[in-house]
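The primary structure of each chain is shown beneath.
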Amino acid sequence: MKNLIIRLLANAVALAVASWLVAGITLQGATTGKRVLTLLIVAAIFGIVNAIVKPVVKVLSFPLLILTLGLLTFVINALMLWLTSWITGKLDVQFHVNGFWSALFGALIITVVGMIINVVLPDKAEVH
């Protein structure tokens, strides 16, 4: 349970950094508390998407992953972020990724922030 909470918080931090740095990723909320709650909801949805959809996509795209020497992983991560944006839109959560390029840059930032958090955390909780 502790690892799950750490992953959720780490994903929320990574998503916050991405929304701060990428102009096409918007996170809305009237107060700081509402923005934090929105981030936690988005992080939970992002974690579920990465746990359920991403492995299936990676298996189906395995030949292309080999052909592109793994660079397709960045595109898959961007699509997972974009899917998260679509899901949050359907749930009326104030998080939006505006287009593929914003999703790609956001996914790169989330990956880098996640790697930094994994180095800092003592439990080595994985962030996707």
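Residues numbered from 1 in each chain as written. Predicted model: local features only at pLDDT ≥ 70, side-chain atom pairs only at ≥ 80, totals over all residues. Heavy atoms only, no water.

A.B. asks: Would you explain the overall build of the protein chain in this entry?
C.D. replies: Within the protein chain, the secondary structure is distributed over 5 helices and 2 strands. Its helices and strands in sequence order give the protein chain the pattern α-β-α-α-α-β-α, from N to C terminus. Taking the principal axes of its C-alpha atoms as reference, the protein chain extends roughly 45 × 35 × 25 Å. By the burial criterion, 38% of the 128 residues in the protein chain qualify as buried. (Helix = DSSP H or I, 4+ residues; strand = E, 2+ residues; numbered from the N terminus. Buried < 20%, exposed > 50% of the residue type's maximum accessible area, 1.4 Å probe, protein only.)

A.B. asks: Would you explain the packing of aromatic side chains in this entry?
C.D. replies: The description of two aromatic rings rests on the distance between their centres and on the angle between their planes. Considering all chains together, one arrives at 3 aromatic pairs under this definition. When the ring of tryptophan 82 is compared with that of phenylalanine 100, the centres are 6.2 Å apart and the planes differ by 55°; the resulting orientation is tilted. Highlighted residues: tryptophan 82 in helix H4 (residues 72-90) and phenylalanine 100 in helix H5 (residues 100-120), separated in sequence by 18 residues. Residue phenylalanine 100 is classed as partly exposed on the basis of its relative accessible area of 25%. (Phe/Tyr/Trp six-rings, centres within 6.5 Å; stacked < 30°, edge-to-face > 60°.)

A.B. asks: Could you clarify how one ought to interpret the packing of helix H1 (residues 2-21) against helix H2 (residues 32-60) in this entry?
C.D. replies: How two helices pack is summed up by the angle between their axes together with the distance between the axes. The N-to-C vectors of H1 and H2 enclose an angle of 110°; their axes lie 8 Å apart at closest approach. For the element pair H1 / H2, the angle class is roughly perpendicular. Between H1 and H2, the contacting residues are Leu8, Leu9, Asn11, Ala12, Leu15 and Ala16 on the first element and Leu39, Leu40, Val42, Ala43, Ala44, Phe46 and Gly47 on the second. (Axes fitted to C-alpha atoms, helices over the stretch in contact; angles between N-to-C directions. Parallel < 35°, antiparallel > 145°, perpendicular 65-115°, else oblique. Contact = heavy atoms within 4.5 Å.)

A.B. asks: Which parts of the structure should I look at to understand the environment of tryptophan 101?
C.D. replies: By the element assignment, tryptophan 101 lies in helix H5. Look at tryptophan 101 and you get exposed, because its relative accessible area is 57%. In this structure the C-alpha to C-alpha distance between tryptophan 101 and valine 75, which are 26 residues apart in sequence, comes to 9.7 Å.

A.B. asks: What is the right way to look at the nonpolar core in this model?
C.D. replies: It is characteristic of soluble globular proteins that their nonpolar side chains tend to be buried jointly. If you look at the biggest cluster of nonpolar residues, it comprises 24 residues, and the most contacted ones within it are Leu15, Ile25, Leu81, Phe95, Val97 and Ile110. Counting only elements with at least two residues in this core, the list comes to H1, strand S1 (25-27), H2, H4, strand S2 (95-97) and H5. Here this core takes 7 residues from H5, the largest share from any one element. Ignoring any residue separated from it by four or fewer positions in sequence, one finds leucine 81 in contact with Leu15, Ile25, Phe46, Phe95, Val97, Ala103, Gly106, Ala107 and Ile110. (Core = buried A, V, L, I, M, F, W, Y, C linked by side-chain atoms within 4.5 Å.)

A.B. asks: Would you take a moment to explain H1 for this structure?
C.D. replies: Helical geometry: 3.6 residues make up each α-helical turn, so side chains three or four residues apart lie on a common side. Taking 1.5 Å of rise per residue, the 20 residues of H1 would be expected to cover 28 Å, and the 29 Å separating its terminal C-alpha atoms lies within 8% of that figure. Against the buried residues of H1 lie S1, H2, H4, S2 and H5. (Expected span 1.5 Å × (residues − 1).)

A.B. asks: I would appreciate a short explanation of H5 in the present structure.
C.D. replies: Here H5 is 21 residues long and its end C-alpha atoms lie 30 Å apart, about the 30 Å a rise of 1.5 Å per residue gives. For H5, the set of buried residues is Ser102, Ala103, Leu104, Gly106, Ala107, Ile109, Ile110, Val113, Gly114, Ile117 and Asn118. On its buried side, H5 packs onto H1, S1, H2, H4 and S2.

A.B. asks: I keep staring at the environment of leucine 37 and nothing clicks. Help me out?
C.D. replies: Its place among the elements puts leucine 37 in helix H2. As for leucine 37 and alanine 12, which are separated by 25 residues in sequence, their C-alpha atoms are 9.5 Å apart.

A.B. asks: How should unusual backbone geometry be read in this particular structure?
C.D. replies: Trans is the prevailing form of peptide bonds, just as negative phi is the prevailing case for residues other than glycine. Of note in this structure, leucine 69 is not a glycine but carries a positive phi near 55°. Considering the arrangement of structural elements, one finds leucine 69 in the loop between helix H3 (62-67) and H4. Residue classification places leucine 69 among the exposed positions, given a relative accessible area of 78%. The residue aspartate 92 is not glycine, and still its phi comes out positive at about 60°.

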